[in-house]
Amino acid sequence: NEQCLNYVIESGSARVLYASDTGDYCKQTLDYLSGLKFDLLIVECTFGLISPHSATAHMNLDAVVSLRKHLENAGAVSSSTRTIITHFSHNIGLLHDELEEAAGKYGIEVAYDGIVLNV
């Protein structure tokens, strides 16, 4: 029974979606996000390659790819919009480089401690 907050962060002309502890977004949220333009998506990927994922709590890589495709189809992201996944642990059973290989197939980057992102 926790309320998790996600953020749309704007600075100058840059806009970032910071999505943590999301699960799959409801239609109302997707509609809102689809009306914006993003330069960067930072999205939780707690379940890595585990399928199925808990749609109400966290996302897996398939859910992140689906979110990006939805936003891409809506014109909210472009080919230059970076997608970074975060919020994972040893529970997904992958080493960092294994997750990088899986995510890289979709042009998605994997965060790491100390990462610095410039938009």
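Structure: above.
Residues numbered from 1 in each chain as written. Predicted model: local features only at pLDDT ≥ 70, side-chain atom pairs only at ≥ 80, totals over all residues. Heavy atoms only, no water.

If you tally the helices and strands in the protein, you get 3 helices and 5 strands. When its helices and strands are written in sequence order, the protein yields β-β-α-β-α-β-α-β. Over its C-alpha atoms the protein spans a radius of gyration of 14 Å, differing by no more than 12% from the 14 Å that the globule rule assigns to 119 residues. In terms of principal-axis extent, the alpha carbons of the protein reach across some 35 × 30 × 25 Å. When each of the 119 residues of the protein is scored for burial, the buried share is 38%. Excluding contacts between residues fewer than 6 apart, the proportion of contacts in the protein whose partners are at least 24 apart in sequence is 58%. Surface summary for the protein: the accessible area is close to 7200 Å², and the carbon and sulfur share equals 49%. Put simply, the protein has 7 plus and 15 minus side-chain charges, and the middle of one group is 11 Å from the middle of the other. (Helix = DSSP H or I, 4+ residues; strand = E, 2+ residues; numbered from the N terminus. Rg over C-alpha atoms; globule rule 2.2 N^0.38 Å. Buried < 20%, exposed > 50% of the residue type's maximum accessible area, 1.4 Å probe, protein only. Contact = heavy atoms within 4.5 Å. Areas by Shrake-Rupley, 256 points an atom, 1.4 Å probe, with all protein chains shown as cover. Lys, Arg positive; Asp, Glu negative; His and termini not counted. Charge placed at Lys NZ, Arg CZ, Asp CG, Glu CD.)

The next subject is the pairing of strand S2 (residues 14-19). Taken across its 6 residues, S2 has 5 buried, putting it largely inside the fold. Where strand S1 (residues 7-11) lies against S2, 5 bridges are found, and the strand directions are antiparallel. Considered in S2, the bridge of Glu 10 is made with Arg 15. Between S1 and S2, which follow one another and run antiparallel, lie 2 residues, and Gly 12 among them has a positive phi close to 60°. In the sheet, S2 pairs with strand S3 (residues 40-44) via 4 bridges, with the strands oriented parallel. Each bridged residue has a counterpart across the sheet, and for Ala 19 the counterpart in S3 is Val 43. In terms of handedness, the path from S2 via helix H1 (residues 27-34) over to S3 forms a crossover that is right-handed. (Pairing = 2+ DSSP bridges. Right-handed = clockwise from strand over helix to strand, strands pointing away.)

This part covers the nonpolar core. The nonpolar side chains of a soluble globular protein tend to be buried, and buried together. Core analysis: the biggest nonpolar cluster contains 26 residues, and Phe 38, Leu 61 and Ile 85 have the highest contact counts within it. Counting residues per element, the ones that place at least two in this core are S2, H1, S3, helix H2 (61-73) and helix H3 (96-104). Top contributing element to this core by residue count: H2, with 6 residues. Ignoring sequence-local partners within four residues, the contact set of Leu 61 consists of Cys 45, Gly 48, Leu 49, Ile 85, Ala 102, Ala 103, Tyr 106 and Ile 108. Val 16, Ile 42, Ile 84 and Ala 111 belong to the second largest nonpolar core, which has 5 residues in total. (Core = buried A, V, L, I, M, F, W, Y, C linked by side-chain atoms within 4.5 Å.)

A few words on the packing of H1 against H2. At their nearest, the axes of H1 and H2 sit 9 Å apart, and the two run at 50° to each other. Judged by the angle between their axes, H1 and H2 are oblique. Judged by the twist between their axes, the crossing of H1 over H2 is right-handed. Together, Leu 30, Leu 33 and Ser 34 of H1 and Leu 67, His 70 and Leu 71 of H2 make up the contact between the two elements. When the residues that make up the contact of H1 with H2 are grouped by side-chain class, the tally is 4 nonpolar, 2 polar and no charged. (Axes fitted to C-alpha atoms, helices over the stretch in contact; angles between N-to-C directions. Parallel < 35°, antiparallel > 145°, perpendicular 65-115°, else oblique. Left-handed = near helix turned anticlockwise from the far one by under 90°. Nonpolar A, V, L, I, M, F, W, Y, C, P; charged D, E, K, R; others polar.)

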